[in-house]
Amino acid sequence: MQRRRSSTRGFKRTATLLNDQIRRAGESRGFAVSRLLTHWAEIVGQDMAAIARPVNVGYGKGGIGATLTVLTTGPQAPMLEMQKEQLRGKVNAVYGYNAISRVRITQTAPTGFAEGQASFDHKPKSAKPKIEPEIAAEADRTARDVHDGDLRAALERLGRNVLSKQKR
């Protein structure tokens, strides 16, 4: 039987390269499922992820019913305190069973020795550069003869990107 040749030519996805390191780092802090760390915003929602981060999962002596420790800033702690049960439910949905029995909230000051470490905001998306009107007109003129609207719009965007990079 002939062995199948790899189509990746030796390249690997970054996720597969970092999987073991993320798993080991997560397990050292009690996270059996690293997805809780890597997909926190998708699990709990953008609004809750903006004010809180998971820090630790601690297991009791019997091993049943873990405690999730969540870090937040002082002013956000009362808001998060009211949402503890929803947070616990969302996290348990990731584990697939009632793994987290308690959520503990820890607070930190918004500023301190390491300025900005308490900020939970995600990096803002960069503003799109302004496209000169003559570049936009040339891209529109090039794609004008295409009858499919979606294809024409995609070609116009591509033309604007290519032409604006050539001008620089």
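Note that the structure is predicted; figures quoted are calculated from it, not measured.

What counts and how
- Residues numbered from 1 in each chain as written.
- Predicted model: local features only at pLDDT ≥ 70, side-chain atom pairs only at ≥ 80, totals over all residues.
- Heavy atoms only, no water.
- Patch = residues over 30% accessible without salt bridge, like charges linked within 9 Å, V, L, I, M, F, W, Y side chains within 5 Å.
- Areas by Shrake-Rupley, 256 points an atom, 1.4 Å probe, with all protein chains shown as cover.
- Salt bridge = Lys/Arg side-chain N within 4 Å of Asp/Glu carboxyl O.
- Helix = DSSP H or I, 4+ residues; strand = E, 2+ residues; numbered from the N terminus.
- Core = buried A, V, L, I, M, F, W, Y, C linked by side-chain atoms within 4.5 Å.
- Buried < 20%, exposed > 50% of the residue type's maximum accessible area, 1.4 Å probe, protein only.
- Contact = heavy atoms within 4.5 Å.
- Expected span 1.5 Å × (residues − 1).
- Arc of directions from axis to C-beta.
- Pairing = 2+ DSSP bridges.
- Axes fitted to C-alpha atoms, helices over the stretch in contact; angles between N-to-C directions.

Undergrad: An account of a nonpolar patch on the surface is needed here, citing residue identities and associated values.
TA: Residues Leu151, Leu155, Leu158 and Val162 make up a contiguous nonpolar surface patch of roughly 330 Å² in combined accessible area. Within the secondary structure, Leu155 is located in helix H8 (residues 149-167).

Undergrad: Tell me about the nonpolar core, residues and numbers included.
TA: Of all hydrophobic cores here, the largest spans 23 residues; its most connected members are Leu87, Val91 and Ile100. Put simply, the parts of the chain that give this core at least two residues each are helix H3 (40-44), helix H4 (46-49), strand S1 (52-58), strand S2 (66-73), helix H5 (77-82), helix H6 (84-95) and strand S3 (100-108). Among all residues touching Val91, those that are not within four sequence positions of it are Leu36, Trp40, Ile43, Leu68 and Ile100.

Undergrad: Requested: an account of the environment of Val44, with residues and values cited.
TA: By the element assignment, Val44 lies in helix H3. You can call Val44 buried: its relative accessible area is 1%. For the pair Val44 and Lys90, spaced 46 residues apart in sequence, the C-alpha separation works out to 6.1 Å.

Undergrad: With reference to specific residues and values, describe H6.
TA: With 12 residues, H6 extends 17 Å from end C-alpha to end C-alpha; this agrees with the ideal 16 Å at 1.5 Å per step. Three or more residues of H6 are buried, namely Leu87, Arg88, Val91, Asn92, Val94 and Tyr95. End-on view of H6: buried residues confined to an arc of 150 degrees, all on one side of the axis. Those residues of H6 that are exposed and aimed more than 90 degrees away from the buried face are Glu85 and Ala93. At its buried positions, H6 is contacted by helix H2 (35-38), H3, H4, S1, S2 and S3. Just downstream of H6 lies Gly96, where phi reads positive at about 95 degrees.

Undergrad: A description of the pattern of salt bridges should follow, citing residues and the corresponding values.
TA: One pass over the full model with this rule turns up four salt bridges. The partner of Glu81 in a salt bridge is Lys84, and the shortest N-O contact between them spans 3.0 Å. For the salt bridge of Arg160 with Glu156, the shortest nitrogen-to-oxygen distance reads 4.0 Å. One end of the pair, Arg160, and the other, Glu156, are both in helix H8, four residues apart, so they sit about a helical turn from each other.

Undergrad: Before we move on, can you summarise the pairing of S2 with the specific residues and values?
TA: Counting buried positions along S2 yields seven of eight residues, so the element is predominantly enclosed. Of the pairings in the sheet, the one linking S1 to S2 comprises six bridges and is antiparallel in character. Along S2, the bridge assignment pairs Asn56 with Thr69.

Undergrad: Tell me about the sheet that holds S3, residues and numbers included.
TA: Sheet architecture is open: three strands sit in the order S1-S2-S3, paired in mixed fashion. Each edge of the open sheet carries a strand with a single partner, namely S1 and S3. Each strand of the sheet is rotated relative to its neighbour by a mean of 25 degrees, with strand direction disregarded. Here H6 sits on the sheet in contact with S1, S2 and S3, set at roughly 120 degrees to S3.

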